[in-house]
Amino acid sequence: LVPVCRGVYLYKRAPWPRGLILYHTASKLRADTFNYISLESSLSDAGIISQVPLEWLTLMSGGRSATIECGDFGTLEFIHTAKSPAQVANQVSHDARCGLWRASVALALQDMRACKRPLDLIDWSAVDESL
């Protein structure tokens, strides 16, 4: 067994794709709260931010904010949100590949502004095309 973080272990012989370990760890750590992939992670996946955050996953969470180091696997950043699942139901979709909810481009931008994250990496022409 290889420790990932805080009581989460990875069985070395299991066929886990390395790129999904952070996603599955996030879903296990916060299984009791509503979470969704947002901010830079969601915008990068949508092609709105040109830079890809390597080994860093940003999620909005109904739980408290926390940054969790997962050793060689990367870092999880949970940002608290007071939004209920009902408030964002039409702006999130379930990503079966990683087992988490994912924000739409519009919701991720709204979260970026609410969290006062820098908007200078955003390709606004790509935003216009996606909305």
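All values reported here derive from a predicted model rather than from experimental measurement.

A. Structural view of the overall build of the protein. Counting its regular elements, the protein contains 5 helices and 8 strands. When the helices and strands of the protein are listed from N to C terminus, the series reads β-β-α-β-α-β-β-β-α-β-β-α-α. Each principal axis of the C-alpha atoms in the protein carries an extent, and together these give about 45 × 30 × 25 Å. Looking at the protein as a whole, 45% of its 131 residues are labelled buried. Sequence-distant contacts in the protein: of pairs separated by 6 or more residues, those separated by 24 or more amount to 55%. For the protein, the accessible area works out to roughly 7,400 Å², and carbon and sulfur atoms hold 54% of it. If the 13 positive side-chain charges of the protein are averaged to one point and the 13 negative ones to another, these points end up 9 Å apart.

B. Fine view of the sheet that holds strand S4 (residues 56–61). One open sheet holds the 6 strands; their spatial order is S5-S6-S4-S3-S8-S7, and the pairing between them is mixed. Single-partner strands in this sheet number two, and they are strand S5 (66–69) and strand S7 (92–95). With direction set aside, neighbouring strand axes in the sheet form an average angle of 35 degrees. Pairing geometry for strand S3 (residues 35–37) and strand S8 (residues 100–103), over 2 bridges, is parallel. The residue of S8 that forms the bridge with Tyr36 is Trp101. Against the sheet, helix H1 (residues 21–29) contacts S3, S4, S5, strand S6 (75–80) and S8, and its axis sits at roughly 45 degrees relative to S6. Helix-sheet contacts for helix H4 (residues 105–114) involve S3, S4, S7 and S8, and the interaxial angle to S8 is about 80 degrees.

The rules behind these values
Residues numbered from 1 in each chain as written. Predicted model: local features only at pLDDT ≥ 70, side-chain atom pairs only at ≥ 80, totals over all residues. Heavy atoms only, no water. Helix = DSSP H or I, 4+ residues; strand = E, 2+ residues; numbered from the N terminus. Buried < 20%, exposed > 50% of the residue type's maximum accessible area, 1.4 Å probe, protein only. Contact = heavy atoms within 4.5 Å. Areas by Shrake-Rupley, 256 points an atom, 1.4 Å probe, with all protein chains shown as cover. Lys, Arg positive; Asp, Glu negative; His and termini not counted. Charge placed at Lys NZ, Arg CZ, Asp CG, Glu CD. Pairing = 2+ DSSP bridges. Axes fitted to C-alpha atoms, helices over the stretch in contact; angles between N-to-C directions.

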